[in-house]
Amino acid sequence: MSSTCSECGARLVNGGACREQFDAMLLLEYEVVADLAATERARGEVAHFYAVSAYILQHPEGMKYTVTALNGLRHTVADHLAGRVTLAELRPRVRRAADGPARITRRPGDAVPRWPVTAWPMTVADVVEGGTPGYCDRVAAWAESIIRTLDAVDALGER
Ligand SMILES: [Zn+2]
């Protein structure tokens, strides 16, 4: 069994699935959010958005997103990182996407999206290894590294 994730390249703990690290990350996040003051709750929501989005973006096959949904998520994350949109503004957008005719997940026969990326600078393993200190900043850095990597790939004209 491979000791790295076939999608994101993360080191796998004891040959477990990458998804186990995703679950470990959410447990970590739960601890972090529980310690946040009420006034900082928005910070926890943003961290959750970055953490889940980053994981999905690095696992287009396993998370079963369509090409359109994956590209939409990429641009949503980029918009939020750049301060062009707030989470409150995104919520109706996300809800519309879920309710509307646009499908998020693939059906048999749909194209499987794959980024032409050979190595990601950061993975879920880096987030989990860091523990609770600096969690919110770390998931933001992770999301940012993904957008930067994808933009670099575009710049090379390899898409
Ligand atoms: Zn992975």
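Our structure's up above, just so we're on the same page.
A quick note: this is a predicted structure, and the numbers were derived from the prediction, not measured.

About the criteria used
- Residues numbered from 1 in each chain as written.
- Predicted model: local features only at pLDDT ≥ 70, side-chain atom pairs only at ≥ 80, totals over all residues.
- Heavy atoms only, no water.
- Salt bridge = Lys/Arg side-chain N within 4 Å of Asp/Glu carboxyl O.
- Helix = DSSP H or I, 4+ residues; strand = E, 2+ residues; numbered from the N terminus.
- Buried < 20%, exposed > 50% of the residue type's maximum accessible area, 1.4 Å probe, protein only.

Colleague: Where do I start with the pattern of salt bridges in this structure?
Modeller: Opposite charge on two side chains permits them to pair, given that their charged atoms come into close proximity. Here the structure, examined in full by the defined rule, presents nine salt bridges. Arg-74 is the partner of Asp-151 in a salt bridge, and the nearest nitrogen-oxygen pair spans 2.8 Å. Separated by 77 residues along the polypeptide, Asp-151 in helix α6 (residues 135-155) and Arg-74 in helix α3 (residues 67-81) bring together distant segments of the chain. The salt bridge involving Asp-154 is made with Arg-74; its shortest N-O contact spans 2.8 Å. Placement of the pair is Asp-154 in helix α6 and Arg-74 in helix α3, with a sequence separation of 80 residues. Residue Asp-154 is classed as partly exposed on the basis of its relative accessible area, which comes to 32%. A residue is classified by how much of its surface remains accessible, and Arg-74, at 3% relative accessible area, is buried. Each of Arg-11, Asp-126 and Glu-129 takes part in salt bridges that share partners, so that together they form one network.

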